[in-house]
Amino acid sequence: MLESYVTPLLMSYVDRYIKNLKPSDLQLSLWGGDVVLSKLELKLDVLEQELKLPFTFLSGHIHELRIHVPWTKLGSEPVVITINTMECILKLKDGAQDDHESCGSSSTSRSATESVKSLAKPRRIHQAAPSDPDLPPGYVQSLIRRVVNNVNIVVNNLILKYVEDDIVLSVNITSAECYTVDEFWDRAFMDISAPDLVLRKVINFSDCTVCLDKRNASGKIEFYQDPLLYKCSFRTRLHFTYDNINSKIPSVIKIQTLVESLKLSITDQQLPMFIRIMELGIALYYGEIGTQKEGETEEMCSHSRETVVNITGVESEADVQSLHTGQYQNPELYLQQGNEEDNQSWVSWAWSFVPAIVSTGEDDQEEGLYYPQTEEDGQTRSPRHHTPKDPIVSIGFYCTKASVTFKLTEMQAESSYYSPQKVKSREVLCLEQEGITIEVLMMGEPFFDCQIGFVGCRALCLKGIMGVKDFEENMNRCEEDAIFFTCGENLSSKGMTYLTNSLFDYRSPENNGVRAEFILDANHHKETYTEIAGMQRFGAFYMDYLYTMENNSGKDTGGQQEFSVMNKEDDPTGVQETSVKRLVVGPLDIRLHSSAVHRILKMVACGLDHEYEPYSSPKPDTIDDDRVLPSPEEVVALEEFIPTRLTCVTVIKIAITIPMAEFNLLDSLLPVILGQKTFTTPMNVPVFQQVRPLPAIRFQVDKVNLEHSVPMYAPELVSTVSSLSQPSDNLLHHCYAHCYLKVFGFQAGLTCLGSDGSFLPLFPIVPSFSTALYAKLLRHPVYWTKRPFVPITECIFELPNFTIQATRAQTLLLQAICQSWTHNMGNGASPGVNEALLSEVYKASGVKSQNPPPTLEGSIQNVELKYCSKSLVKCASGTVGSIKLCAKAPGTNEGVKEKLVPLIQGPSDTKELHLSKWLNESRKPESLLAPDLLAFSVQVPQQMEDCRNSGAVLLASVQGIAINVDPIFCTWLLHQPQKGSSRPSQQPAGAVPLVLPGTKKKEDDVSIGSTPLVKQPSNQASDYASSPIKTKTVTESRPLSLPMKVMPRTSESWSSSEEKMKEFIGLVWDAVKRLTLQLELQSCCVFFPNDSLPSPSTIVSGDIPGTVRSWYHNQASMPGTLVVCLPQISVMSAGHKYMEPLQEIPFVVSRPVLEEGDAFPWTVSVGQFSVYTLLGQQRSFSLLEPMGCTSTLAVTSHKLQASAPDARHSFIVCLHVDLESLHIKCSNQQVQLLYELFHSWSTTWSRIQKRGILRQASGFPEPPMGAAPSSPVRSSAGTALPDTSTCSPSADFGSPTEGDSLQTVDDSPFSDAVTLEQKTSNIGGASGRVSLWMQWMLPKVTMKLFAPDPATKGTEICVISELEDLSASVDVQDVYTKIKCKVGSFNIDHYKSSPEEGQRSLGKFGGVLLSCTDKLNRRTLLVRPVSKQDPFSHFSGFFPPVRIQ
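Quick caveat: nothing in here was measured; it's all calculated off a predicted structure. (Residues numbered from 1 in each chain as written. Predicted model: local features only at pLDDT ≥ 70, side-chain atom pairs only at ≥ 80, totals over all residues. Heavy atoms only, no water.)

## Observations concerning the overall build of the protein chain
When helices and strands are tallied, the protein chain shows 34 helices and 43 strands. Within the protein chain, the proportion of its 1445 residues that are buried is 49%. A total accessible area of about 70,800 Å² is found for the protein chain, and carbon and sulfur atoms account for 56% of it. (Helix = DSSP H or I, 4+ residues; strand = E, 2+ residues; numbered from the N terminus. Buried < 20%, exposed > 50% of the residue type's maximum accessible area, 1.4 Å probe, protein only. Areas by Shrake-Rupley, 256 points an atom, 1.4 Å probe, with all protein chains shown as cover.)

Shown next as structure tokens:
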């Protein structure tokens, strides 16, 4: 009786998957109780349909199949199915790789119709069996249910292989067993019983090994790599909960796997293959690889509604659209399909053992589950509302400890000549993780959630890298040195939180007989699983990915309609989809020392070493001209809800430490990564020497927030919105990808790794600050080509406050750390660092030196920048609130307070500073509402060939700036750490000579640091450090290791500089020829004190004019100060009306420049330029009275009619300058002050040159070049360049000189012969000629010299010289240079004045020293014959004109 029911059941499974079986033989064997089948071939097409994977089976067979049926003990012993040695070989479907190639496998060469129709057959056969009218009695029902629930499956030696290109991925599982267990997860014979209605199963996998090898062109594997995973065992628990005893499908399915230890190993040859496999998974996830051929697509679509098993309930229109366009990809849907379909496929056997044999009248409902969309009378019916029959599926993967070890391989030959080569691997890097959790929860179409978490993670260095034995066993280095990345906590402190509520957690509801509750509501889910809760459970990393789909209406979606631009989100009765990813990364500590950086870059270089073609390339956007305009109702529905994907990333507490490079072989790694050359082992490998103490730069960030949102169906949405005539702001907003980045508490500083392996506290260089960046990018801009007003890119950057502070020693150390990474010393060894420098930077807190060095502190506030890009223009605008720079001189032991010396202040009210009277007037403190220091707007047209657009626009405004050139800055710049007595030959670390990368440096040029080289000629080192002449000789004349052909000749240097100048002139001309310019620069006031001017505590910190005024009035010993008030400058292009410099971008000017040269002439106004001196005892003397000028600049240009193909423009530059009267005053005290300042700064400059400070500040040193000859021709050509570079056409002054120059340019043929005159005016042959005409007009120059009268105390002598009506013009042409200069009159007089009497009297000879005019007038003084002079007259030879009359 039992055989008649059990036998067909078992036969249906065996016959479904195995070829060429005789049912009669199988039936006879089953009745005997044991079946043994050998050498079975699998039905590959059935397997492909069941698994629904984008792979095809190349082969599949079973060595032996055993079925044991205990007929006499069916109620107490399980049926055992044993498979011995099952091997399958898979490859990617041909249609997935090339849609136009035919499938190579017969299983995939059949038509799609047959495939899809046969897809449903097994299930319908399976459903037909229990619907037999002759149903067994109730006892037999329960017995068969018990039999099916307790079937044991044992698989011994399961082999799966995947082949692609030269990749062979194989998975070998020694044994896998699936059996039923009790509530304690022990093997038992169980049945579903009330009230629990629970079934538990366990699958144990033993010795899972995964190998990844490379095969050659013939398909053979020459060298076997180390296995990716070797003999890993894990166990899986399955928990099924049913609503009632006759339910066919469980209401809750929980499948969870636990791995105690997962050890992955990846070699450098496996890494590209491993990345390829990962890319395959990503491409399948995003649907970038199609699973059908193009020819099958349409036929497939016609049957999709009826037969495709679509457990996610995705509307078939979406699937059809994805097949047609290849652009409509929904990762969320693919993720759901992938997971659920895998469950339906791989778990279908397990589900088959569920009591689904007996019909309960629910067949229709079951079919509704499997086939949620059916076709009736041509009408598509939406899936019915969610019912409790839809299963809740929970999948979990848990790993206690995991590690990934990277290895480098090398070929090693055996001793025998004929023996094969072997691959020897060497571990270099290891990534360890603890407490890994991956949990997936889904319920049909409306809900999908995936959570991933790590408790802890760390990475450490192993062995050696690139020949440097930095972590060999004999180095005796501690584990702390090897770890360069740590994140989160460890399991010993965190506990088993990663297993919370899993089947492996004894506290979970399933292990305590309680039915588990699942959160399937999006809002409730977000409230429960917050970022804080995730980090409390894990600690290192937490990701929550939630996808929901809600149906607004229960109505049918209507007839099957053709796909148009409207998609399902445009349908008012459609679904509403949301996708939210939240990622949180816990405390990060990254140490990028030499060992870590070289290992990481080496693995990157290995990962890039492949020739695989990408799985998919982005297809260009194509616009469908037959787009159907959406109806108003559809637009309204679209306005209500637009599905988007939101990603939120939060990183908490980041610390990145970059120590000085202990060795540097980057010059052999970086070219490989950049694709410039293949990797070669470096010639000189340094012997690793551990450097302690090791200085380092550390960056710390409190928190980083990143939000990214993108439309879920961008192509369809953009296509629809772009077809509207006036889309709303909301619709436009959703057509962009938006990105918000916020950084909180960023700071940087110096630290030091001590010999004990611990870091010193941070010495802050950049105090904590925060910043924010917002950007949006238009999706599919090709749809918007006819809408130039739609921005393509927009960016906004905000920086409220940024400060940097450092002593000179700290900057020297920073420089030394940077140079250790950027400059290879030739042998890769560390250059070391000066001990005196280290001791000064990392001096103990509380210890004060006798002369503490000053600290420079600079800050910039309220920076806002905006950028916008459109199809026609690119524009930017922004403001800079203020900048400040001050020097802090710390106090000494004697109780001297800290001094604050302001150096730069902006904005500063400098409007009144051009006259010294501001010192005696009341001055308001700087207002908090002061205007921004800098405000600008710039707009540049895009280069488009088919249209002619307007020129660029630049609007800028700069407020006043006060600068105090204080001697304390020289003190800071020239500060040198005191040399230690132990090493007298040491030089400062800042004077480490820079060397070209790849060149060898002699030992005498290497700085002496904490790891000195063996040979150390001290006399050469000291000479190098002390003598500027020898320094020049060493750095410029010595050819290092460069070959001689690199040394350029003088003529080549000359021509190359000319070529650069030609390019520069061309670039400048292209920039200004159609530039609308509006530039406003307020006065910049520069103070040159003779001694330091610290800011008093009574005024606002950093106010330079206030500091000077306070010293002027309150200090009797005020140091002498030279005040240079630079002029206000205003530049306006022709025809432009004033606009506010800060505009909302993009903006429109009243008169855009369309033609070249229309922006000229430029009008330049300069005013209020003055110089005066401040001396002690409230004395102020003027040197240069306030003056200004008005100038006009015009440039015209035209193409040269030359035969040279690269001929460029010929320029005519006209400059006219009208100067105001010039008044200069000078006295002995002022000359003395000027001399002292000059002497002080010249001394400082010579010391700077001597130490090579500026030379070191540059980046990589230039190769030694031949010295260019210094000739007057060369210098004259150089002086003409600034005037030619700022020009553009137009302006006709009608002067004869300009007319001559025009005639000359037009008539003179272009000649290759170069004369001196042409060299002066002609910047290279093809760059065009430059004709220059300049004119100055100066009405009057007055110069007064004051000196005390040595003969009479209290009286001073004043000499006044006056020049009137000055004019000058310069005319530079191809064949001549003409200079004209004219002076109307020139007089020199002298007076005597007494400050007490307040009167001024003429000096000897009527006060006249010189009188010169072009014409005789009343002012000209005549000389009378000496014989007629009055002997008693004070005037020996000169009489005023009145006396002559």
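## Some remarks on the nonpolar core
Soluble, globular proteins show a tendency: their nonpolar side chains are buried together. Core analysis: the biggest nonpolar cluster contains 154 residues, and Leu65 and Leu813 have the highest contact counts within it. Sorting elements by how many residues they give to this core places strand 13 (residues 447-461) first, with 8 residues. Core analysis: the next-biggest nonpolar cluster, separate from the first, contains 25 residues, Ala952, Ile1065, Val1072 and Val1372 among them. (Core = buried A, V, L, I, M, F, W, Y, C linked by side-chain atoms within 4.5 Å.)

## A closer look at the packing of aromatic side chains
In total, this model carries 13 aromatic pairs according to the counting rule given. Residues phenylalanine 538 and tyrosine 542 carry aromatic rings whose centres are separated by 6.0 Å and whose planes lie at 20 degrees to one another, so their mutual orientation is stacked. For tyrosine 542, a relative accessible area of 2% corresponds to the buried category. A centroid spacing of 6.2 Å and a plane angle of 15 degrees characterise the contact between phenylalanine 969 and tryptophan 972, whose relative ring orientation is stacked. Residue phenylalanine 969 and its partner tryptophan 972 are located together in helix 24 (residues 967-973), separated by 3 residues, close to a single helical turn. Take phenylalanine 969: its relative accessible area is 30%, and that puts it in the partly exposed class. A residue is classified by how much of its surface remains accessible, and tryptophan 972, at 10% relative accessible area, is buried. (Phe/Tyr/Trp six-rings, centres within 6.5 Å; stacked < 30°, edge-to-face > 60°.)

## Topic: a nonpolar patch on the surface
Taken together, the side chains of Ile600, Val604 and Leu608 make up a nonpolar region of the molecular surface, amounting to roughly 220 Å² of accessible area. In this fold, isoleucine 600 is placed in helix 17 (residues 594-607). (Patch = residues over 30% accessible without salt bridge, like charges linked within 9 Å, V, L, I, M, F, W, Y side chains within 5 Å. Salt bridge = Lys/Arg side-chain N within 4 Å of Asp/Glu carboxyl O.)

## As for the pairing of strand 39 (residues 1330-1348)
Two strands pair when backbone bridges link them, and strand 38 (residues 1222-1227) and strand 39 are joined in this way by 6 bridges, in the parallel orientation. Across the sheet, histidine 1223 pairs through a bridge with threonine 1342, a residue of strand 39. In terms of strand pairing, strand 39 meets strand 40 (residues 1356-1372) through 16 bridges, oriented antiparallel. Its bridge partner being in strand 40, valine 1341 is matched across the sheet by leucine 1363. (Pairing = 2+ DSSP bridges.)

## Some points on the state of the cysteines
What the rule picks out here adds up to 0 disulfides. We note that cysteine 211 lacks a disulfide partner, and the nearest cysteine sulfur, in cysteine 208, lies 9.8 Å from it. (Disulfide = S-S within 2.5 Å.)

## Here we look at helix 29 (residues 1228-1251)
With 24 residues, helix 29 should cover 34 Å at 1.5 Å per step; its first-to-last C-alpha distance of 34 Å lies within 8% of that length. Those residues of helix 29 that fall on the buried side of the exposure criterion are Gln1230, Leu1233, Leu1237, Thr1244 and Ile1248. (Expected span 1.5 Å × (residues − 1).)

## Quick look at helix 17
Between its first and last C-alpha atoms helix 17 spans 20 Å; for 14 residues at 1.5 Å apiece the expected length is 20 Å, and the two agree. Of all 14 residues in helix 17, 12 are buried, a share of seventy percent or more. Restricting attention to buried positions, one finds in helix 17 the residues Ser594, Ser595, Ala596, Val597, His598, Arg599, Leu601, Lys602, Met603, Ala605, Cys606 and Gly607.

## Details of the confidence of the model for the protein chain
Per-chain confidence: the protein chain averages 75 in pLDDT, with 71% of residues scoring 70 or above. Overall, residues 98-135 carries pLDDT values under 50, and its contacts beyond four positions in sequence, including any with other chains, amount to 64 contacts. Counting contacts from residues 291-388, a segment whose pLDDT is below 50, to residues more than four positions away or on other chains yields 221 contacts. (pLDDT = per-residue confidence, 0-100. Contact = heavy atoms within 4.5 Å.)

## Some points on the pattern of salt bridges
Enumeration over the complete set of coordinates arrives at 31 salt bridges. In this structure, glutamate 857 and lysine 888 form a salt bridge, with 2.8 Å as the shortest nitrogen-oxygen distance. In this pair, glutamate 857 sits in strand 25 (residues 855-869) while lysine 888 sits in strand 26 (residues 873-889), placing the two residues 31 residues apart along the sequence. Judged by its relative accessible area of 25%, lysine 888 falls in the partly exposed class. The residue lysine 1225 makes a salt bridge to glutamate 1185 at a minimum N-O spacing of 3.4 Å. With lysine 1225 in strand 38 and glutamate 1185 in strand 36 (residues 1179-1199), the pair connects residues that are 40 residues apart, well separated along the chain. Assessed through its relative accessible area of 22%, glutamate 1185 is described here as partly exposed.

## Let's talk about the packing of helix 7 (residues 270-285) against helix 17
Running from amino to carboxyl end, helix 7 crosses helix 17 at an angle of 70 degrees, the nearest separation of the two axes being 7 Å. In this view, helix 7 runs roughly perpendicular relative to helix 17, as classed from their interaxial angle. In this structure, the crossing between helix 7 and helix 17 has a hand that is right-handed. Touching Leu271, Pro272 and Ile275 of helix 7 are Met603, Cys606 and Gly607, all from helix 17. The residue makeup of the contact of helix 7 with helix 17, split by class, is 5 nonpolar, 1 polar and no charged. (Axes fitted to C-alpha atoms, helices over the stretch in contact; angles between N-to-C directions. Parallel < 35°, antiparallel > 145°, perpendicular 65-115°, else oblique. Left-handed = near helix turned anticlockwise from the far one by under 90°. Nonpolar A, V, L, I, M, F, W, Y, C, P; charged D, E, K, R; others polar.)

## A short note on unusual backbone geometry
In terms of backbone geometry, most residues other than glycine have negative phi values and most peptide bonds are trans. With an omega of 0 degrees, the peptide bond between alanine 194 and proline 195 qualifies as cis. Cis peptide bonds are those with omega within 30 degrees of zero, and the linkage from arginine 692 to proline 693 qualifies with 0 degrees. Tracing the backbone through its elements, the reader meets proline 693 in the loop between helix 19 (670-673) and strand 21 (694-711). Phi angles above zero are rare outside glycine, and leucine 197 is one such case at about 55 degrees. Structurally, the position occupied by leucine 197 is in the loop between strand 5 (167-181) and strand 6 (198-214). For leucine 197, a relative accessible area of 11% corresponds to the buried category. Here the phi dihedral of lysine 231 falls at roughly 50 degrees; this positive angle occurs in a residue that is not glycine.

## Some remarks on the environment of cysteine 818
Here cysteine 818 is to be found in helix 22 (residues 808-822). The spatial distance from the C-alpha of cysteine 818 to the C-alpha of alanine 661 is 8.6 Å, given a sequence separation of 157 residues.

## Overview of the pairing of strand 31 (residues 1076-1081)
Working note: regular strand, side chains alternate between the two faces of the sheet. As defined by bridge partners, strand 29 (residues 953-958) adjoins strand 31 across 6 bridges and the pair is classed as parallel. Looking at the pairing, leucine 954 lines up with leucine 1077 of strand 31. As defined by bridge partners, strand 31 adjoins strand 34 (residues 1128-1132) across 4 bridges and the pair is classed as antiparallel. Across the sheet, residue glutamine 1078 finds its bridge partner in strand 34, namely methionine 1132.

## Topic: the environment of valine 210
Tracing the sequence through the fold places valine 210 in strand 6. Setting aside residues up to four positions removed in sequence, valine 210 forms contacts with Leu169, Ser170, Val171, Pro227, Leu228 and Leu229.

## Some points on the environment of arginine 779
Among the secondary structure elements, arginine 779 is positioned in the loop between strand 23 (763-778) and strand 24 (793-807). Between the alpha carbons of arginine 779 and alanine 714 there is a distance of 6.7 Å; along the sequence they are 65 residues apart. Leaving out residues up to four positions away in the same chain, arginine 779 has contacts with Val710, Pro711, Ala714, Val718, Cys735, Tyr736, Ala737 and Trp784.

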